[in-house]
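Chain by chain, the residues run as shown.
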Amino acid sequence: MIYLDNAATTRMPEDVFEAMKPYFCEQYANPSAIYSFAGGAARAVDAARRTIAASIGAEPGEIYFTAGGSESDNWAVKAAAQSCQNKGKHIITSTIEHHAVLHTCQALEKQGYEVTYVNVDECGVIKLDELAAAIRLDTVLITVMTANNEIGTIQPIAEIGALARKNGILFHTDAVQAYGHIPLDVDACNIDMLSASGHKFHGPKGVGFLYIRKGVRVGAFVHGGAQERARRAGTLNTPGIVGMGTAAARAVDGLAARMEKETALRDYLIQKVLEKVPYSRLNGHAADRLPNNANFCFRFIEGESLLILLDQEGICASSGSACTSGSLDPSHVLLAIGLPHEIAHGSLRLTLSEENTREEIDFTVDAIKKIVERLRSMSPLYEDFVKEGRAANVQ
């Protein structure tokens, strides 16, 4: 098997798994309990909190543990909107956000909030002039992702943060795809809230965190107990938190070397696909993109068929098209960068890890070339396209 879907989830290394094990069967106490047996679990949670805080230039008290990226996004957007509604009910976001943000904004619109969806350019970079023009006196939140989960484009987060800070607006960024893959500094970028999820950087599933800058007044998201400074009730997932903390330390320690290796492999993959497969295109920014992300569109084919045939070759990948989840509509991200429906449907996302090899990439590119040729041979649209090209050459 060749695994090229690391944007969906990542493999948990043995050292992360081993770090979690004692907190299932041995040090299983509730870390919120006051007896001494709970001390080990509480100290492990505190250590993970310190590790994660240091990784983004934050303080431990600014890190709140959640069940994952979607919860963190929901909490940040909803709580910020509700806490600031006396100032206004206007939110700014982009057209290419993850659905955890887009659907949350749409839910708030039904509650009387107004949302401005700022466009992106053909590379998926948010239009800063349009964002600046959208700011109003009643704007209470700007939420823009650090890097796109489909096409990998990295946004100008520092510029957005500076713009938000200048205008006294809270700034949240969904860093689920970026954390552990590129350097992040909440102070340098004027970030007030940041979301991340453990399983995107080789940690466990079902655990994430939300950074909330000290002094930012946002309310509780889950009500019940006093856990997480009374802002997020519920018994802490000690094994998950320990695993995420271990994965965070691992990610930060080897970040520069991993980025260099993955970027070289990504660029090799992009070069080979564009060379070997006619009528293909790279989606997203050519340079300002995640080190492990390559997203393509192939004309005259359906992305879902490509995925099925790649799976038969032992290759795990994903499509930018939502058709894989039961919808016939292509990816909202690909449509937002200006691709027509018929091209957006033929998309493929390949996301690497440091464990992938050049030999795997060569095998994958050859498989893509073979499969695309096979699918096009059955396409009447491609047949008509070839006939028109031949006729034009004859004329």
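Above this note sits the structure.
Residues numbered from 1 in each chain as written. Predicted model: local features only at pLDDT ≥ 70, side-chain atom pairs only at ≥ 80, totals over all residues. Heavy atoms only, no water.

Participant: Talk me through empty space enclosed by the protein; I want residue IDs and the actual numbers.
Facilitator: Counted under the stated rule, the structure contains three cavities of 30 Å³ or more. Put simply, the largest cavity is a space of about 50 Å³. As for the largest cavity, its lining consists of Gly-180, His-181, Phe-201, His-202, Ala-247, Arg-250, Ala-251, Arg-258 and Glu-354. Among the elements that make up the lining of the largest cavity, the one with the highest residue count is helix α9 (residues 238-253) (three residues). Grouping the constituent residues of the lining of the largest cavity by class yields three nonpolar, three polar and three charged. (1 Å grid on protein atoms, 1.4 Å probe; cavity = no way out; pocket = protein on both sides within 12 Å on 5 of 7 lines; lining within 4 Å. Points joined across faces, edges and corners; volume = space filled by probe spheres on them. Helix = DSSP H or I, 4+ residues; strand = E, 2+ residues; numbered from the N terminus. Nonpolar A, V, L, I, M, F, W, Y, C, P; charged D, E, K, R; others polar.)

Participant: Give a description of helix α7 (residues 157-166) that names residues and reports values.
Facilitator: Within the span of α7, buried status applies to Ile-157, Ile-160, Gly-161, Leu-163 and Ala-164. Projected down its long axis, α7 carries its buried residues within an arc of 160°, all on one side. Those residues of α7 that are buried lie in contact with α6 (128-134), β5 (139-143) and β6 (170-174). A positive phi of about 65° marks Gly-168, the residue just after α7. (Buried < 20%, exposed > 50% of the residue type's maximum accessible area, 1.4 Å probe, protein only. Arc of directions from axis to C-beta. Contact = heavy atoms within 4.5 Å.)

Participant: For the sheet that holds strand β3 (residues 90-94), give the residues involved together with the corresponding values.
Facilitator: Taken in spatial order, the seven strands of this open sheet run β2-β8-β7-β6-β5-β3-β4, and their pairing is mixed. Edge strands, defined here as strands with exactly one partner in the open sheet, are β2 (63-66) and β4 (114-118). Neighbouring strand axes in the sheet, compared pairwise and without regard to direction, differ in orientation by 20° on average. Of the pairings in the sheet, the one linking β6 to strand β7 (residues 193-197) comprises three bridges and is parallel in character. Counterpart to Asp-174 in the pairing with β7 is Ser-195. Helix α5 (residues 99-109) contacts β3, β4, β5 and β6 of the sheet and is inclined by roughly 145° relative to β4. (Pairing = 2+ DSSP bridges. Axes fitted to C-alpha atoms, helices over the stretch in contact; angles between N-to-C directions.)

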